[in-house]
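This is what each chain is made of:
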Amino acid sequence: MRTFWRAFFDKQPKVDWGIWWLNFPEHLKKIMFEEGTVKVIESRFSDESAKSKFQKFISKGNPSKKISVEDVHHAFPFCKGLLDVIDEALGFAVANQGPSPSLPPRTDGQAQPDRPNSPSRLPISSMPCAASLKRTASRSPRPGEEQTLLSHIRCGLPYLDRLYRGRDQEAAMLEHKLRAQLDRKDGNCKAAICLKASAGMGKSTLGLDVGWRMAMSGKCPAGVQMADMREAWSYEEVLGRFCSTLGMTMDENTTDEIPARLRSLCQEYGGPIMLLVDNAEDPLAGKKDLAGKPETSKDPAKFMSLIAKIAREAVLLITSRVPLESPCVTMNLHHHELGGMDDKSCQALLREALMQEMAPKLSDTQIEEVVHICRGVPLLVRLAGDALRTGQLSVEEVREATEKDANATTAITKLMIRTLPSKHQQYLAQLATFPSGFDEEGAAAVLDWDMPRASSLLVVLWNHGLVAWDASYNTYSLHAMVRTCAVELLRKAMPAVVRQARINFVVFTFHQMDRQASIYNTKAWEAPLAWVREHGPDIRAAFALAWELLRSPGPIGLLETVLGVDIESVLPMLRAGGIRYSSTWYLLDRMADKCSDNELLLSAALYVSNLLRRHEDQDIEKALKIRERLLHNDDPRTLSCLHALAQTRHLQTKYDLAEPLFHKSVEARQRVLGFNHPHTLDSIEGLAECISDRGRYTEAEPLLKEVVKGREEVLGEFHPRTLESNTNVANCYGKQGRQAAAEELHRKNLQARSDVLGPDHLKTYDCMQCLAICLRQQGKAAEALPLFWKTLEGRQRILGKENPATYDTLNSYANCVSDEGNAKEAEGLYRQVLDARKAWSAEHMHGNGDLAVFECMNNLADSLRAQGKHKEAEDMYRQTLEGRQRVLKDHPDTFQSMNNLAILLEEQGKHEAAEPLREAARAGLERRLGLEHPDAIKLNRNQAIRLSLKGESGTLLISR
């Protein structure tokens, strides 16, 4: 069915049902579908009532005029036949349907187990509140209870496995310890326990049990979350895992922001939050390369220091194969050594794993022998049960394997893998490339197969107990021990196979990003946004692997894929999904040296490099020249470079060079791509912002409104890009002095961004700051101050304290402090911001002039003047005026600097020096903003007052 969609609807995310029925099922024959089956399917839809039933089934009971590619993806899993799905939808009896038809069919004739759903962790913003939670049970949820529980508590943990048993007393004891630590309220830290055990002992599942118990107890109203550190080899990846769990965006300065985020959640919900940190041994061990040698340096001190900071803010439960050493005295870390399960629980688990039909075939003596062999290790019991059930191993073979290897879990796992044909072992190792779950399409891509063949392989592996199946999300996953053993078996024998699988994974993920970005630029944008949030680990892993693979001489196809995606569309999608390009694309920076033999690839590498260093124009100029020479001037890739060069000139404040480039980009893209193409609208918006920054606000406004109209038609009213464009319109209103209209639009945009992206998203904080600035400009400092402070906290947490955007917010906050009459406090803040901005400008602007530096200098001069420090203030005003005249020239900000200096000179009695500056400022603002602009009116009124005091006529100026 996916092949059918691609054949007839290509990249369309949705089509009308009328169009669907024109093609389906008749045109199934055109994709080599069996003609007899097509006739049967056609007979099923011989009347309109059947079509109506099918539409309701596909849309899950929600009436819809369209069918989407996502509907097809979920309704037609590869483990079920097309005719079976249709018969199920229409109410026909389906042959050979087990109790859980969405699971892959067993090949041994056994019934399907009723496995519990195991959905991915829910984002914090989607968790229900725990305010009314009452303790309803003394144990963790079992299958069938989860949905009821989720309506009462904030818990981001996966559900417990149906076969989990034998640890109730231990879980209750650990829960009691954590609650006792909380009840002590002894100051610096919450409770922290480390569950230490070797692989397969069930420490992760026990951790989930304890987490669910804590959630149900009501002791953690801020929620219970899980951060899985499996294969988090580097400290950067550790930060990424915590940020993903807590709904933050990773950057290089997030170590201090993770505890701050936990603290704010505890304050917001009035109680502690609990974190389950799983597989903590991986950050302590470091990664090994394909040859088994250490590839990343271990840095346990950094990891443990972060754990200590987190322990001060959250209830902490850690699972690890190795003991964790507390880096500081204030961290009360208690270790709990996890032993094996008792024989009775192991026997019950083995019987469940064997399933009812198989269990009678083993005598009680044989079951006791297997349990004795498994030494109380839960994973070993389950693996042995699967191996015995499927006939892959006998009791004797299990016994022999464990006698030869001291580590019984590893021995049985490797033995089970070796029972597969050698090719299947290779395929299993290739699938171990995925950092998380994967579906048939992903498996097919990594294996370089078609999807039916990949689906058949997954059924085989599932029947062998080597992959787990999640029916609710139609995804597979490998247990950590299976993944490790599979890769180790092939690491030395076939490193080229593992390397090719990684290449295939990167290519697949980048193609998926490109495909999702094309849908993101339509009204069906919500599905790609959800895809980015769901596949964050895969996206980050793909970038990291791409960098790793391309550092050495790599295949040209990989480089072409990585650099060939539509970056201009992909980046906004990733940013909206909470993945900043500084934490992804920077891995591919400076790839130009890999492309010396291919100029088109070189131009793509230079284009990526420009996205990361917008203020440097050498790369993008070179890329543009290459594309103009090898392609043609109207090629979309050439136009992307032209637009990027215009943006670079704009950021360099070279407005006289940027504006004609924007005009050229707009004209070319309108001609080649169309008036409402997203890239065309980007160019129009860039032109409008350039014109606005030159002070021509009335000229920029219609262009900005044109962009909003175009985005609403193409993307919809609530698309993140539409909301950004609306914010630009509101800012333009504010610059023209229409503050009431600006405030109304800013409030509308802030609510929409909070609804669409979440209240703790970077773009939401951007809009919040715009509203705060608008309120301050209306003299509503008391309303603006808390908004500035909330924005500052959010940006510090997400971007880090040293980010320019964070300093921009601090500067705005200082403005508000100054408005409240605290000039001395504001001066200290301004000096802090000015030093930081100057340092950043020296590194990135290369003397081109940073407008934010001039703004901060002007604000500092204002605070000095308010304190009567006229000499220092005059020097600062003159430096500001000189800089703005050099960079902005005939700009309203330049005239405001003239006016500020004139006022200071007047206050010092230097009337003759002040008069020409004041007149030039008044005339300039009147010329650039118009007579009706509040700034022009204010200067005219002041001038009239001065003239009347001198006995001259000022009536005309006052009336204006």
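So, how was this worked out
Residues numbered from 1 in each chain as written. Predicted model: local features only at pLDDT ≥ 70, side-chain atom pairs only at ≥ 80, totals over all residues. Heavy atoms only, no water. Buried < 20%, exposed > 50% of the residue type's maximum accessible area, 1.4 Å probe, protein only. Helix = DSSP H or I, 4+ residues; strand = E, 2+ residues; numbered from the N terminus. 1 Å grid on protein atoms, 1.4 Å probe; cavity = no way out; pocket = protein on both sides within 12 Å on 5 of 7 lines; lining within 4 Å. Points joined across faces, edges and corners; volume = space filled by probe spheres on them. Nonpolar A, V, L, I, M, F, W, Y, C, P; charged D, E, K, R; others polar. Core = buried A, V, L, I, M, F, W, Y, C linked by side-chain atoms within 4.5 Å. Contact = heavy atoms within 4.5 Å. Expected span 1.5 Å × (residues − 1). Pairing = 2+ DSSP bridges. Axes fitted to C-alpha atoms, helices over the stretch in contact; angles between N-to-C directions. Parallel < 35°, antiparallel > 145°, perpendicular 65-115°, else oblique. Phe/Tyr/Trp six-rings, centres within 6.5 Å; stacked < 30°, edge-to-face > 60°. Left-handed = near helix turned anticlockwise from the far one by under 90°. Polar contact = N/O pair within 3.5 Å; in protein donor to acceptor, adjacent residues only side chain to side chain. Salt bridge = Lys/Arg side-chain N within 4 Å of Asp/Glu carboxyl O.

(A) Seen up close, helix H6 (residues 82-90). The set of residues buried in H6 consists of Leu82, Val85, Ile86, Asp87, Ala89 and Leu90. Glycine 91 sits one or two positions beyond H6 and adopts a positive phi of about 90°.

(B) A look at empty space enclosed by the protein. For the coordinates displayed, the defined rule picks out five cavities of 30 Å³ or more. Taken as a whole, the largest cavity holds about 80 Å³ of empty space. Forming the walls of the largest cavity are Tyr520, Pro572, Arg575, Ala576, Pro720, Arg721, Glu724, Arg753, Leu757 and Lys763. For the lining of the largest cavity, the residue count by class is five nonpolar, no polar and five charged.

(C) Summary view of unusual backbone geometry. That bond from phenylalanine 24 to proline 25 is cis: its omega, 5°, falls within 30 degrees of zero. With respect to the secondary-structure elements, proline 25 resides in the loop between helix H2 (17-23) and helix H3 (35-44). The residue asparagine 279 is not glycine, and still its phi comes out positive at about 55°. With respect to the helices and strands, the residue asparagine 279 is situated in the loop between strand E5 (274-278) and helix H12 (281-285). Phi is positive for aspartate 448, which is not a glycine, with a value near 65°. Structurally, the position occupied by aspartate 448 is in the loop between helix H20 (440-447) and helix H21 (451-463). Since its relative accessible area comes to 65%, aspartate 448 is described here as exposed.

(D) Inspection of the nonpolar core at higher detail. Ranked by internal contacts, the top residues of the largest apolar core, which has 160 residues, are Val210, Met274, Leu428, Leu431, Val506, Phe510 and Leu574. When residues of this core are assigned to their parent elements, the largest contribution, nine residues, is made by helix H23 (residues 495-520). Excluding its chain neighbours within four sequence positions, the residues that come into contact with valine 506 are Ala542, Leu545, Ala546, Leu549, Leu558 and Val562. If you look at the next biggest cluster of nonpolar residues, it comprises 49 residues, including Leu775, Phe854, Met857 and Tyr877.

(E) Main features of helix H13 (residues 300-311). Over its 12 residues, H13 runs 16 Å from end to end, which matches the ideal 16 Å to within 8%, given 1.5 Å per residue. Every buried residue of H13 is listed here: Phe303, Met304, Leu306, Ile307, Ala308, Ile310 and Ala311.

(F) Just the pairing of strand E3 (residues 192-196), in detail. Most of E3 sits out of view: five of its five residues are buried. Going residue by residue along E3, you find Ala192, Cys194 and Lys196 tucked away on one face and Ile193 and Leu195 tucked away on the opposite face as well. In this structure, E3 lies alongside strand E7 (residues 333-337), joined through five bridges in parallel fashion. If you follow cysteine 194 over to E7, its bridge partner there is histidine 335.

(G) Inspection of the environment of valine 459 at higher detail. Residue position: valine 459 is located in helix H21. Valine 459 sits in the buried class, given a relative accessible area of 11%.

(H) Quick peek at the sheet that holds strand E4 (residues 224-228). Strand order in the open sheet formed by five strands is E4-E5-E6-E3-E7, with parallel pairing between adjacent strands. Each of the sheet's edge strands pairs with one partner strand only, and the pair in question is E4 and E7. This sheet shows a mean twist of 20° between the axes of neighbouring strands, independent of strand direction. For E4 and E5, the ladder comprises five bridges, and the chain directions are parallel. Within the sheet, the bridge partner assigned to glutamine 225 lies in E5 and is leucine 275. Across the sheet, H13 is in contact with E3, E5, strand E6 (315-320) and E7; its angle to E6 comes to roughly 150°.

(I) Structural context of the packing of helix H19 (residues 422-431) against H21. Closest axis-to-axis distance for the H19/H21 pair is 11 Å, and the angle between their directions is 100°. Classed by the angle they form, the pair H19 and H21 counts as roughly perpendicular. Facing His424, Tyr427, Leu428 and Leu431 of H19, the residues of H21 in contact are Arg453, Leu457, Leu458, Val460 and Leu461. Its residues placed into classes, the contact of H19 with H21 shows seven nonpolar, one polar and one charged.

(J) Here's a closer look at the packing of aromatic side chains. Tallying each qualifying case throughout the model produces 16 aromatic pairs. Ring centres of tryptophan 21 and phenylalanine 54 lie 5.8 Å apart, and the angle between their planes is 65°; on these two criteria the pair is classed as edge-to-face. Of this pair, tryptophan 21 sits in helix H2 while phenylalanine 54 sits in helix H4 (residues 48-58), placing them 33 residues apart in sequence. Each member of the pair, tryptophan 21 together with phenylalanine 54, is buried. Their ring planes at 80° and their centres at 5.4 Å tell us that phenylalanine 434 and phenylalanine 505 sit as a pair that is edge-to-face. Of the two residues, phenylalanine 434 sits in the loop between H19 and H20 while phenylalanine 505 sits in helix H23, which places them 71 residues apart along the sequence.

(K) Seen up close, the packing of helix H36 (residues 762-777) against helix H37 (residues 781-799). It is at 9 Å that the axes of H36 and H37 come closest, and there the two elements cross at 155°. What the angle tells us is that H36 and H37 run roughly antiparallel. The hand of the H36/H37 crossing is left-handed. Residue-level contacts link Leu762, Tyr765, Asp766, Met768, Gln769, Leu771, Ala772, Ile773, Leu775 and Arg776 of H36 to Glu783, Ala784, Leu787, Phe788, Lys790, Thr791, Gly794, Arg795, Arg797, Ile798 and Leu799 of H37.

(L) Just the environment of glutamate 621, in detail. Among the structural elements, glutamate 621 can be located in helix H29 (residues 618-630). Taking the C-alpha atoms as reference, glutamate 621 lies 9.5 Å from serine 603; in sequence the two are 18 residues apart. With near-sequence residues (within four places) excluded, glutamate 621 lies in contact with Leu645 and Arg649. At 2.8 Å, the side chain of glutamate 621 forms a polar contact with the side chain of arginine 649.

(M) Broad picture of the pattern of salt bridges. According to the stated counting rule, one finds 43 salt bridges in the structure shown. Among the salt bridges present, the one from arginine 694 reaches glutamate 659, with a minimum N-O distance of 2.7 Å. Pair noted here: arginine 694 is in the loop between helix H32 (678-693) and helix H33 (697-714) and glutamate 659 is in helix H31 (residues 655-672), with a separation of 35 residues, a long-range link. Given the relative accessible area of 9%, glutamate 659 is considered buried. What emerges from the salt-bridge pattern is a single network uniting Glu659, Arg694, Arg696 and Glu699.

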